[in-house]
Amino acid sequence: MIKLVLSDMDNTLVPFGARHASPRTMEAIHAVLDAGVRFGPDTGRDYVELMRFFKMDEACFMTGIFSNGKRVRADGRYVQTTLIDHDVLVRIDQALRPEKGMFLVCYPAETNLMNPAYGVGVSSAELAVFEARTSFNGGTVDEVPDIDFVAATIACPGGPERMDRCRQVIAEAVPEVRIVSPIPEWFDVLPVGMSKASGLEVLLDALGVGLDEVAVFGDAENDLDIMRKVPHSVAVANATDEVLRAARHHVGASADEGVADALFEVARAARAGEMPAFLRD
């Protein structure tokens, strides 16, 4: 039986560029919850961004893995919060300064519904490109503010060669973090040892749920660790080739509401006391 469903957000549950989950997706989430199965996001996004994605319906993320494992929520209670060291963020910023077009974005641990993020050492016009592309609200600062941050990302305009260059720069300058790409030209910054998979361990322990009782949906590089960890890993049809190979099961594309279709089946199967059909192939 599936007792917990976790889904990546961008380009998995919500098509890339959409600012909200669709009405049908919201209906599917509530069908799962009403059937007695927990649902939550496993995402690089944090609380305030999730409030927007789910149209202020907090029932959709009372449980989940936020900020790529740095914040874990179980039934409305935070059971883990890991901040990124200020010194680490400063050194990332310094390493990126000589690299044309690359810049750091930092996300405060304490924020509000305006969802401020800080683009460091970048113009408002440069920041606006990625604000529109990745759906966040930001402001520009000259230096990393001396406050608590729960997440950070790196903008890296250009092709695969530039992204490879960014990986090299960060690996050499700040070895205590790794960067993973959820979408082209964009990296999530993770302390070494921190991931959606490490957050899953904390979440399952808090809920008393086993690995074989959770289904995980994803599409991109930052989903690989968690998808390799669970028996019931599911890729959407638009996933990267690496994720498609790693996943044990597959559903329709994000734009076609493939996860919503799967969630309705999870709810049906839970009421019938059986495994969902898409996990039995």
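In the annotation of an unreviewed UniProt entry, the entry for the chain reads HAD family phosphatase, and the organism field reads Olsenella profusa.

**Here we look at the overall build of the chain**
The helix and strand tally for the chain stands at nine helices and 14 strands. Principal axes of the C-alpha set define a box for the chain whose edges measure 60 × 35 × 30 Å. Summarising the internal contacts of the chain: among those between residues at least 6 apart in sequence, 60% fall at separations of at least 24. Total accessible area computed for the chain in this model is approximately 11300 Å², and 51% of it derives from carbon and sulfur atoms. Computed over 27 positive and 43 negative side-chain charges, the inter-centroid distance for the chain is 2 Å.

**So, the sheet that holds strand E6 (residues 103–108)**
Strand pairing within a sheet occurs via backbone hydrogen bonds; the two strands may be parallel or antiparallel. Judged by pairing direction, the sheet is mixed, and its six strands sit side by side in the order E8-E7-E6-E9-E11-E10 without closing on themselves. The open sheet is flanked by strand E8 (137–141) and strand E10 (177–183), the only strands paired with a single partner. Taking each pair of neighbouring strands and ignoring which way they run, the sheet shows an average axis angle of 30 degrees. In this structure, strand E9 (residues 149–155) lies alongside strand E11 (residues 186–191), joined through three bridges in antiparallel fashion. Bridging from a neighbouring strand, Thr153 pairs with Asp188 of E11.

**Notes on helix H3 (residues 86–96)**
Residues of H3 that are buried include every one of Val88, Leu89, Ile92, Asp93, Ala95 and Leu96, and no others. Down the axis of H3, the buried set is contained in an arc of 165 degrees. They therefore lie on one face. In this structure, the buried residues of H3 make contact with E6, strand E7 (116–120), E9, helix H5 (160–173), E10 and E11.

**Looking at the pattern of salt bridges**
Under the criterion given, the structure shown has 24 salt bridges. Arg45 is paired through a salt bridge with Asp10; the nearest N and O atoms lie 2.7 Å apart. Of the two residues, Arg45 sits in the loop between strand E2 (38–41) and helix H2 (47–53) while Asp10 sits in the loop between strand E1 (4–7) and helix H1 (23–34), which places them 35 residues apart along the sequence. Arg45 gets classed as buried once you look at its relative accessible area, which sits at 7%. A salt bridge links Asp75 to Arg38; the shortest N-O distance between them is 2.9 Å. In this pair, Asp75 sits in the loop between strand E4 (71–74) and strand E5 (77–81) while Arg38 sits in strand E2, placing the two residues 37 residues apart along the sequence. Residue classification places Asp75 among the partly exposed positions, given a relative accessible area of 44%. When salt bridges that share partners are traced, they join Asp8, Asp42, Lys196 and Asp223 into one network.

Reading guide: rules and limits
Residues numbered from 1 in each chain as written. Predicted model: local features only at pLDDT ≥ 70, side-chain atom pairs only at ≥ 80, totals over all residues. Heavy atoms only, no water. Helix = DSSP H or I, 4+ residues; strand = E, 2+ residues; numbered from the N terminus. Contact = heavy atoms within 4.5 Å. Areas by Shrake-Rupley, 256 points an atom, 1.4 Å probe, with all protein chains shown as cover. Lys, Arg positive; Asp, Glu negative; His and termini not counted. Charge placed at Lys NZ, Arg CZ, Asp CG, Glu CD. Pairing = 2+ DSSP bridges. Axes fitted to C-alpha atoms, helices over the stretch in contact; angles between N-to-C directions. Buried < 20%, exposed > 50% of the residue type's maximum accessible area, 1.4 Å probe, protein only. Arc of directions from axis to C-beta. Salt bridge = Lys/Arg side-chain N within 4 Å of Asp/Glu carboxyl O.

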